[in-house]
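Spelled out from the first residue to the last, the chains are:
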Amino acid sequence: GLSHIVVVSGFNVTIIIFVLIYLFSFFNLRLKIRIFLLIFCIVLFMGFIGFGSSILRAGFMSIVLLLAYGLGRKYLAKQSLFLVSLVMIILNPKISAFDTSFHLSFLATFSILFIFPIFKYLFNLNFEKIKSNFLRKFLQSIYEIFLITLSIQVVTLPYVCFIFGYISPLGIFANIFVLPFLPLVMLLGFLIFFFYFSNIISFALGALLSFFSSYIFFIAKFFSSFNVSKIEIDFSFLFLIVYYFCIILFLLFEIKRIKIKKYLEKENL
């Protein structure tokens, strides 16, 4: 359930973009030059990783986002996902049938873009009654992490069972304890790279990175120590087809129902 943290995907690319945007803010560069440098750095990063399916999907979607911003067009993430996936399949048709990494990357991104908004609407919790601003935002963040993880599990779990033959039911809870620290771990890794010239600074950053990395490994070992941390389940291909067909029907029904409900609420106001 935590193996995704070692897979380079959209989460990593997003953090890289934010770091580069912050660094470019110190220089008086034109918008087109900044976008060109960002795209160049993304392609360079993709090359360092090895142009795997997950990083290609994330990198190309980021490039589409940057191009839309540079051209003054509206970026539509859902359409971008299907466009990038279609281009990748055209360039390499084999990934549509044999690349597990591509399948999981597509399904995870699909779940965040389509399932998570519905779950957030259906299972909306009101945290406004909490007086403490810090505690309210903290609980909202934890709850969103839970819903995102739940959305991803709902979509990817049958495929994981079909390919690997087992599931990690405690993974959804382990993610709650790990995900908030991943941006910090990545940031520390980048800072170590930037401050390589200073032994003192790089050692201090490395110590912090080692501490948070040890924490992540501790959480992984703790949840894996339970007997129910791994359950063997074997799904057939027919079940997989029926399951995702039901997911599509659920999406069509809920999206239409939520639109009607919001329209009626607006009319009542």
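All of these numbers come straight from a predicted model, not from anything done at the bench.

A.B. asks: Quick question: what am I supposed to make of the layout of surface pockets here?
C.D. replies: The rolling of a water-molecule-sized probe over the atoms marks out the regions of remaining empty space. The volume enclosed by the second largest pocket comes to roughly 380 Å³. The wall of the second largest pocket is formed by 15 residues, among which S96, H103, L107, Y159 and Y244 lie closest to the centre. Mapped onto the lining of the second largest pocket, the elements with two or more residues apiece are α4 (77-91), α5 (95-98), α6 (100-122), α7 (133-164) and α11 (237-268).

A.B. asks: Explain the nonpolar core here, please?
C.D. replies: Most often, soluble globular proteins have nonpolar side chains that are buried together. Within the largest apolar cluster, 37 residues are counted, with the highest numbers of intra-cluster contacts made by V13, I42, Y244 and L251. Mapped by element, the contributors of at least two residues to this core are α1 (10-24), α2 (31-49), α3 (53-70), α4, α6, α7 and α11. Once you skip the residues sitting within four places of it in the chain, I42 turns out to touch V13, I17, G59, S62, I63 and L66. The next biggest cluster of nonpolar side chains, apart from the first, holds 13 residues, and it includes L2, L170, A174 and L205.

A.B. asks: Whenever I open this one, the environment of S62 confuses me. Can you help?
C.D. replies: Mapped onto the secondary structure, S62 falls in helix α3. C-alpha separation for the pair S62 and D234, spaced 172 residues apart in sequence, amounts to 35 Å. Polar contacts involving the side chain of S62 include one to the main-chain carbonyl oxygen of A58, which spans 2.9 Å.

A.B. asks: Looking at this model, I keep getting lost on the packing of α1 against α2. Mind explaining?
C.D. replies: One way to put it is that α1 packs onto α2 with a least axis distance of 11 Å and a crossing angle of 140 degrees. When the axis of α1 is compared with that of α2, the two are oblique. In the crossing of α1 with α2, the sense of the turn from one axis to the other is right-handed. The residues of α2 that touch α1, namely those facing V13, I16, I17, L20, I21 and F24, are R34, L37, L38, C41, I42 and F45.

A.B. asks: Before we go on, may I ask you to explain a nonpolar patch on the surface in this structure?
C.D. replies: On the surface, F36, F40, L44, F48 and I49 cluster together into a nonpolar patch covering about 570 Å² of accessible area. For I49, the position within the fold is in helix α2.

A.B. asks: Looking at this model, I keep getting lost on the packing of aromatic side chains. Mind explaining?
C.D. replies: Aromatic rings in a pair are described by how distant their centres are and how their planes are angled relative to each other. Tallied over the entire structure, the rule returns 20 aromatic pairs. Measuring from ring centre to ring centre gives 6.3 Å for F218 and F222, while their planes differ by 20 degrees; the resulting arrangement is stacked. Taken together, the positions of F218 and F222, both in helix α10 (residues 199-224) and four residues apart, correspond to about one turn of that helix. A ring pair is formed by F222 and F223, whose centres lie 5.3 Å apart and whose planes are at 85 degrees; its orientation type is edge-to-face. A relative accessible area of 39% means that F222 is categorised as partly exposed. Overall, the relative accessible area of 13% leaves F223 in the buried class. An aromatic cluster is built from F177, F218, F222, F223 and F226, whose rings are joined through pairwise contacts. Positioned above the aromatic ring of Y166, the side-chain terminus of K230 is 4.5 Å from the ring centre.

A.B. asks: Just to check I follow, could you spell out α1 for this structure?
C.D. replies: An α-helical segment advances 3.6 residues per turn. Residues three or four places apart therefore align on the same side. The terminal C-alpha atoms of α1, which comprises 15 residues, lie 21 Å apart, in line with the 21 Å expected from a rise of 1.5 Å per residue. Of the positions making up α1, those classed as buried are G10, N12, V13, I15, I16, I17, V19, L20 and F24. For α1, the elements touching its buried residues are α2, α3 and α9 (182-194).

A.B. asks: Hey, could you run me through the pattern of salt bridges in this one?
C.D. replies: Pairing of side chains with opposite charge becomes possible as their charged atoms draw close. Applying the stated criterion across every chain, the model contains two salt bridges. For E144, the salt bridge goes to K120, with nearest N and O atoms at 3.0 Å. Taken together, the residues span a long stretch of sequence, with E144 in helix α7 and K120 in helix α6 at a distance of 24 residues. A salt bridge links E254 to R257; the nearest nitrogen and oxygen atoms lie 3.0 Å apart. Here E254 and its partner R257 are both found in helix α11, three residues apart, which amounts to about one turn of the helix. Under the relative-accessibility criterion, R257 is labelled partly exposed at 29%.

Reading the values: rules and limits
Residues numbered from 1 in each chain as written. Predicted model: local features only at pLDDT ≥ 70, side-chain atom pairs only at ≥ 80, totals over all residues. Heavy atoms only, no water. 1 Å grid on protein atoms, 1.4 Å probe; cavity = no way out; pocket = protein on both sides within 12 Å on 5 of 7 lines; lining within 4 Å. Points joined across faces, edges and corners; volume = space filled by probe spheres on them. Helix = DSSP H or I, 4+ residues; strand = E, 2+ residues; numbered from the N terminus. Core = buried A, V, L, I, M, F, W, Y, C linked by side-chain atoms within 4.5 Å. Buried < 20%, exposed > 50% of the residue type's maximum accessible area, 1.4 Å probe, protein only. Contact = heavy atoms within 4.5 Å. Polar contact = N/O pair within 3.5 Å; in protein donor to acceptor, adjacent residues only side chain to side chain. Axes fitted to C-alpha atoms, helices over the stretch in contact; angles between N-to-C directions. Parallel < 35°, antiparallel > 145°, perpendicular 65-115°, else oblique. Left-handed = near helix turned anticlockwise from the far one by under 90°. Patch = residues over 30% accessible without salt bridge, like charges linked within 9 Å, V, L, I, M, F, W, Y side chains within 5 Å. Areas by Shrake-Rupley, 256 points an atom, 1.4 Å probe, with all protein chains shown as cover. Salt bridge = Lys/Arg side-chain N within 4 Å of Asp/Glu carboxyl O. Phe/Tyr/Trp six-rings, centres within 6.5 Å; stacked < 30°, edge-to-face > 60°. Lys NZ or Arg CZ within 6 Å of the ring centre and 35° of its normal. Expected span 1.5 Å × (residues − 1).

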